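Given next are the chains, with one letter for each unit.
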Amino acid sequence: MELTPKEPATEVGAQARQAYLTFAQRVVGDEVDYATLYQQFASNDWAAIKLDDAVAEAVLRAGYSQKSAVGVLHQGPYVQHQVHQKGAPAAAMSQYVRSTVLMAMQRVSGQSQGTRRQQPGLEME
């Protein structure tokens with residue numbers, strides 16, 4: 001069965017999808033189009049979630065705001081497939097996206113601060 005992505009309904013959605021595709025191409029190292037990316041990742045939850053993690057981090061490292069990163073991730077194959085083919089509630093998928101971006105933000109800010117974080121139990125008194 002061939003999976004076909006639903007086209008974005010707005011220009012903002014189309015721009016977010018293009019941004020997702022651009023970052024996903026960097027992550028996977030291949031100049032695929034969105035339909036091919038969708039075919040490869042939409043029905044493989046584990047791979048699609050890992051792709052979303054990497055894309056979210058790349059978007060944030062590129063200087064996008066958390067809000068913009070959330071918009072970009074809403075156009076990823078995993079979210080699109082879950083909402084439009086599997087009937088997942090949009091609110092639940094929005095929560096997934098916000099959580100993914102938040103975790104990526106923590107990785108980005110943690111790495112930008114270097115290794116100065118202390119290990120639990122090793123604090124000096």
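Let me sum up the structure you'll find in this document. Predicted, not measured: the structure shown is a model, and the values here were computed from it.

Calculation notes
Residues numbered from 1 in each chain as written. Predicted model: local features only at pLDDT ≥ 70, side-chain atom pairs only at ≥ 80, totals over all residues. Heavy atoms only, no water. Axes fitted to C-alpha atoms, helices over the stretch in contact; angles between N-to-C directions. Helix = DSSP H or I, 4+ residues; strand = E, 2+ residues; numbered from the N terminus. Left-handed = near helix turned anticlockwise from the far one by under 90°. Contact = heavy atoms within 4.5 Å. Nonpolar A, V, L, I, M, F, W, Y, C, P; charged D, E, K, R; others polar.

Here we look at the packing of helix 1 (residues 11-28) against helix 2 (residues 34-41)
Viewed as axis vectors pointing N to C, helix 1 and helix 2 meet at an angle of 65°, and their least axial separation amounts to 10 Å. Along this stretch, helix 1 crosses helix 2, giving a crossing that reads as left-handed. Taken together, the residues of helix 2 that come into contact with helix 1 (itself represented by R17, Y20, L21, A24 and V28) are Y34, L37 and F41. Here the contact of helix 1 with helix 2 is built from residues that sort into seven nonpolar, no polar and one charged.

Topic: the environment of Q80
Inspection of the secondary structure puts Q80 in helix 5 (residues 77-84). The spatial distance from the C-alpha of Q80 to the C-alpha of A90 is 9.6 Å, given a sequence separation of ten residues.

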